[in-house]
Amino acid sequence: MSIIKWVPDSEPIDLEKWFFGEAPMRAMTPAVDVYEKDGAVVVEAPIPGFDPEKVNIQFEDGVLMISGESEKRKEVDDKNYYRKEVRTGKFARTVTLPVAVDGGRAEAEYHNGVLKITIPKREEKKAKSIKINVKR
């Protein structure tokens, strides 16, 4: 048996509800990969089982926000679960992007349960060179 580190919760938990099937459901936080490719920042997040039509993507002040919700499936009483780990419900993830990007040109696609968001990098402004005229 492995030891699991205890992390204090921000709100108190009613242990009776926890042990008897009414555990609080919090939004899951999917893992993300953030990398640069062909002059763009790419963010990939595995969100299998979520309808891409119900996924919300927002970009503001260099921060990418991804959220969504899947409908809870009706529980079937005749199943004798040994383990029930597949979750439905909400997910949310916020990612601060490491470089300046053009959020207005962002594109998103969903394939095989992976959400891929591509955001072109903003061109850096080049320093303007000024010639000095010397008066004699």
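Residues numbered from 1 in each chain as written. Predicted model: local features only at pLDDT ≥ 70, side-chain atom pairs only at ≥ 80, totals over all residues. Heavy atoms only, no water.

A. Main features of the packing of aromatic side chains. In the structure shown here, the tally under the stated rule is 1 aromatic pair. Taken together, a centroid distance of 4.7 Å and an interplanar angle of 70 degrees make the contact between phenylalanine 50 and phenylalanine 91 edge-to-face. With phenylalanine 50 in the loop between strand 2 (40–46) and strand 3 (55–60) and phenylalanine 91 in strand 5 (residues 90–96), the pair connects residues that are 41 residues apart, well separated along the chain. Considered together, phenylalanine 50 and phenylalanine 91 belong to a single accessibility category, that of buried residues. (Phe/Tyr/Trp six-rings, centres within 6.5 Å; stacked < 30°, edge-to-face > 60°. Helix = DSSP H or I, 4+ residues; strand = E, 2+ residues; numbered from the N terminus. Buried < 20%, exposed > 50% of the residue type's maximum accessible area, 1.4 Å probe, protein only.)

B. Examining the pairing of strand 1 (residues 33–37) more closely. Of the strand pairs in this sheet, strand 1 and strand 2 are connected by 5 bridges, and their pairing is antiparallel. Across the sheet, the residue bridging to tyrosine 35 is valine 42, located in strand 2. The antiparallel hairpin formed by strand 1 and strand 2 contains 2 residues in its connecting segment, where aspartate 38 sits at a positive phi of about 50 degrees. (Pairing = 2+ DSSP bridges.)

C. Structural context of the sheet that holds strand 7 (residues 114–120). Judged by pairing direction, the sheet is antiparallel, and its 4 strands sit side by side in the order 1-2-7-6 without closing on themselves. Across the chains shown, the open sheet's two edge strands, defined by having one partner strand only, are strand 1 and strand 6 (107–111). Ignoring which end each strand starts from, the neighbouring axes of this sheet average 20 degrees apart. (Axes fitted to C-alpha atoms, helices over the stretch in contact; angles between N-to-C directions.)

D. Molecular detail of unusual backbone geometry. Here the phi dihedral of aspartate 61 falls at roughly 50 degrees; this positive angle occurs in a residue that is not glycine. Checked against the element boundaries, aspartate 61 lands in the loop between strand 3 and strand 4 (63–69). We classify aspartate 61 as exposed; its relative accessible area is 73%. Phi at asparagine 112 is positive, roughly 50 degrees, even though this residue is not glycine. Its place among the elements puts asparagine 112 in the loop between strand 6 and strand 7. Judged by its relative accessible area of 70%, asparagine 112 falls in the exposed class.

E. Region of interest: the sheet that holds strand 5. If you trace the 3 strands from one edge of the open sheet to the other, you get 3-4-5, paired in antiparallel fashion. Both outer strands of the open sheet, strand 3 and strand 5, are each paired with one neighbouring strand and no more. Going across the sheet, the axis of each strand differs from the next one's by a mean of 10 degrees, ignoring polarity. Pairing analysis gives 6 bridges linking strand 3 to strand 4, with the strands arranged antiparallel. Across the sheet, residue phenylalanine 59 finds its bridge partner in strand 4, namely leucine 64.

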